[in-house]
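Tertiary structure, described
Here is how the chains run, residue by residue.
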Amino acid sequence: MKIGIHSVSSQSGRAYLVDIIESGHEVYGYARESVHGKRFVAAVHTQQGIFLERPDNENQEEAHMIRLKEDDVGHDLEKLVHESDFIIVAHPSHYIQETVKQLKKAGILKRRIPIILSPSRTFAVPYLWDILGEGYPFVCFSTNPYSCKAPADGTAYIKRRKRSWLMSLEGEFKQYQIDMLIQLFPQALLNHIPATTSIGNIGSIFHPGAFLLNYDAINQASIEGRPYSFYMEGIANNEVVASHLEKIDQIRLKIADMLGLTVFGLEGHPNEERFQFIMNHLRDKEEQHDNIDMLRQIRHDYLREINDAILSAQHWLDYSYGIERISGESLQQAIGRTKTYQQTSFPQVRYVEEDIPTGLIPMMAIGERLGLDVSPIKVILDLYAHHFNRCETNDWRDLQQWSTDYILRYLKGEFFKIIGDVGEKEVG
Ligand SMILES: NC(=O)c1ccc[n+]([C@@H]2O[C@H](COP(=O)([O-])OP(=O)(O)OC[C@H]3O[C@@H](n4cnc5c(N)ncnc54)[C@H](OP(=O)(O)O)[C@@H]3O)[C@@H](O)[C@H]2O)c1
């Protein structure tokens, strides 16, 4: 299998590069010819590889150099398009329309290879079908599989690999493409319901609201030259902000409920008992093993029902970080108990640059189409307009061009199809 990575110079692009090479697949990593992209490619060529850094980890994986051939990375978009079986787009989601237009120019329509959006955020694919035609195969990841950084030009830093995540298949796929995806990402769970990744977009809850409601405090900390703990100061120690985020979260859960999905944490019908049952079952199984691959497999097998559902932010903290759900607990308290947030968490501008146009904007648009009160989201968008004064909205997913019927049919997965003969495998 040959995997193409678009934006190999990004933090996650490098992590993918390392893991794909080490898993024995072929790879081509494309970097833009930007100053940053050129520096990355030059460094990798000079040292004939990429250096992987790791913190202490359960797998005892040590820092090491991963050898690369000269033509494994470069700036050739046509090579990316013409030689790959899949293309993973490893950059923030608000650049995706621009990237797909360039892939079209480079001839991707002749190949119809699946494009993986890592992650897609909310309601990405209809915008991309506008460019490549309805039905083009896209794979939407619910989250980035890595927590990672790019500490130096020829270096990747993988802090953590996620044990499992969800991918929704959107458009028309050949069966062999699905089989290859499962082989490439055995930890991921697969479905064809775009709502699970779109409405499941938890970044839209945590990121822009907490950033903008705390905007003045974040700036003040920066002026004073002290770090600002995004999750602790911004949410766990701030009841007003935390309860505002919960209100936005409830809009998300109501949308999911109206779409007919299973929902955990909806006010008035939290479905707590079922959630506890599944999670306790999982924890019992996990206790019996300590091998990381086995633990991944167990999560894969036991979390199917939860993966096809939409979870409140508190339930998501249990599922993702093991912060065992306490029935009725507020978001403020649950965040306060989350170890990974207690360590370091910095405010990042991408929390608005990416998550406003690709998260809150489409979430509000869907909520409005369904007749929900979306005023808690409007408060955040007003703050964004006030502080950021951004004029161009070409990456703004406001869903204006689609009917409500189309939006609902898309979210429920009506445009997924398997085409072609069973066992068919394209060559070249
Ligand atoms: N990193 C993490 O730990 C993490 C964790 C959770 C979620 N995520 C999500 O995963 C996605 C990828 O994150 P990331 O951290 O890998 O991204 P990143 O490193 O912040 O991405 C920046 C990269 O985007 C590239 N890029 C592509 N098109 C661009 C354009 N039109 N304008 C400017 N830059 C462009 C840039 O390429 P050049 O090199 O040419 O400048 C740059 O390398 C995001 O959605 C992010 O929110 C990341």
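As the structure is a computational prediction, the values presented were derived from the model and not from experiment.

All right, on to the pairing of strand S9 (residues 146-149) then. Going residue by residue along S9, you find Tyr146 and Cys148 tucked away on one face and Ser147 and Lys149 left uncovered on the opposite face. Alignment of S9 against strand S10 (residues 155-161), held across four bridges, turns out to be antiparallel. Across the sheet, Lys149 pairs through a bridge with Tyr157, a residue of S10. The hairpin turn running from S9 into S10, its antiparallel successor, is five residues long.

Further remarks concern the packing of helix H9 (residues 203-213) against helix H21 (residues 375-388). H21 packs onto H9 with a crossing angle of 60° between their chain directions and a minimal axis gap of 9 Å. In terms of orientation, H9 and H21 fall into the oblique class. Where H9 crosses over H21, the handedness of that crossing is left-handed. Within the contact between the two elements, H9 uses Pro208, Gly209 and Leu212 and H21 uses Ile380, Leu383, Tyr384 and His387.

On to the site of the ligand. Lining the immediate surroundings of the ligand are 25 residues, of which Ser9, Ser10, Ser12, Ser34 and Gly37 lie closest. Those elements that provide at least two residues to the shell around the ligand are helix H1 (11-22), helix H2 (35-47), helix H4 (96-105) and S9. Looking at the shell around the ligand, its residues break down into seven nonpolar, 14 polar and four charged.

Attention shifts here to the UniProt feature "domain: Opine dehydrogenase" (unreviewed entry) in the protein chain. Annotation from UniProt places "domain: Opine dehydrogenase" (unreviewed entry) at residues 196-384. Helix makes up 68% of residues 196-384 and strand 2%, and the two end C-alpha atoms of the span are 27 Å apart.

Moving on, we get to the sheet that holds S10. The pairing of strands in a sheet happens through backbone hydrogen bonds and is either parallel or antiparallel. The strand order across the open sheet formed by four strands is S4-S3-S10-S9, and the pairing between neighbours is mixed. Strands with a single pairing partner mark the edges of an open sheet, and in this sheet they are strand S4 (64-67) and S9. In this sheet, adjacent strand axes meet at a mean angle of 35° when their direction is disregarded. Along the sheet, H1 contacts strand S3 (49-53), S4, S9 and S10; its crossing angle with S9, the most-contacted strand, is approximately 110°.

So, on to the environment of Gly225. Locating Gly225 in the fold gives a position in the loop between helix H10 (215-223) and helix H11 (232-236). Using a count of 6 C-beta atoms within 10 Å as the deciding quantity, one classes Gly225 as exposed. For the pair Gly225 and Ile205, spaced 20 residues apart in the sequence, the C-alpha separation amounts to 27 Å.

Our focus in this paragraph is the sheet that holds strand S2 (residues 26-30). Ordered in space as S5-S2-S1-S6-S7-S8-S11-S13, the eight strands form an open sheet in which the pairing is mixed. The open sheet terminates on both sides in strands that have one partner only, identified here as strand S5 (73-74) and strand S13 (189-191). Looking at chain direction, S2 and S5 are connected through two bridges and run parallel. For Gly29, the partnering residue across the bridge sits in S5 and is Val73.

Across the junction of Ser118 and Pro119, the peptide omega takes the value -5°, indicating a cis bond. For Pro119, the position within the fold is in the loop between strand S7 (115-117) and helix H6 (125-132). Phi is positive for Asn271, which is not a glycine, with a value near 60°. Asn271 sits in the partly exposed class, given 16 other C-beta atoms within 10 Å. Here Leu399, not a glycine, exhibits a phi torsion of approximately 65°, which is positive. Here Leu399 lies in the loop between H21 and helix H22 (404-412).

Reading guide: rules and limits
- Throughout, residues of each chain are indexed from 1 in the direction in which the sequence is written.
- At least 70 in pLDDT is required for a residue's local features to be given in this predicted model, at least 80 for side-chain atom pairs to be given and counted, and no such filter applies to totals for whole chains, interfaces and linings, which use all residues.
- Counting other C-beta atoms within 10 Å of a residue's own tells you its class, since 20 or more makes it buried, 12 or fewer makes it exposed, and anything in between is partly exposed; those C-beta atoms are placed from the backbone.
- Put simply, DSSP H or I for four residues or longer makes a helix, DSSP E for two residues or longer makes a strand, and each gets a number counted from the N terminus.
- At least two DSSP bridges between two strands are needed for those strands to be called paired.
- Lines fitted to C-alpha atoms define the axes here, with helix axes fitted over just the stretch in contact, and angles between the N-to-C directions of these axes take values from 0 to 180 degrees.
- Roughly parallel covers angles under 35 degrees, roughly antiparallel covers those over 145, roughly perpendicular covers 65 to 115, and oblique covers all other angles.
- Crossings are sorted by hand: turned counterclockwise from the far helix by less than a right angle, the near helix makes the crossing left-handed, and turned clockwise it makes it right-handed.
- By definition, residue pairs are in contact when their C-beta atoms, positioned from the backbone, come within 7 Å.
- Using a C-beta atom placed from the backbone, a residue is described as near a molecule or strand when that atom lies within 6 Å of it.
- Classes in brief: Ala, Val, Leu, Ile, Met, Phe, Trp, Tyr, Cys and Pro nonpolar; Asp, Glu, Lys and Arg charged; the others, Gly included, polar.
- UniProt positions are given in the numbering used here, feature names are shortened, and annotations may be inferred rather than shown by experiment.

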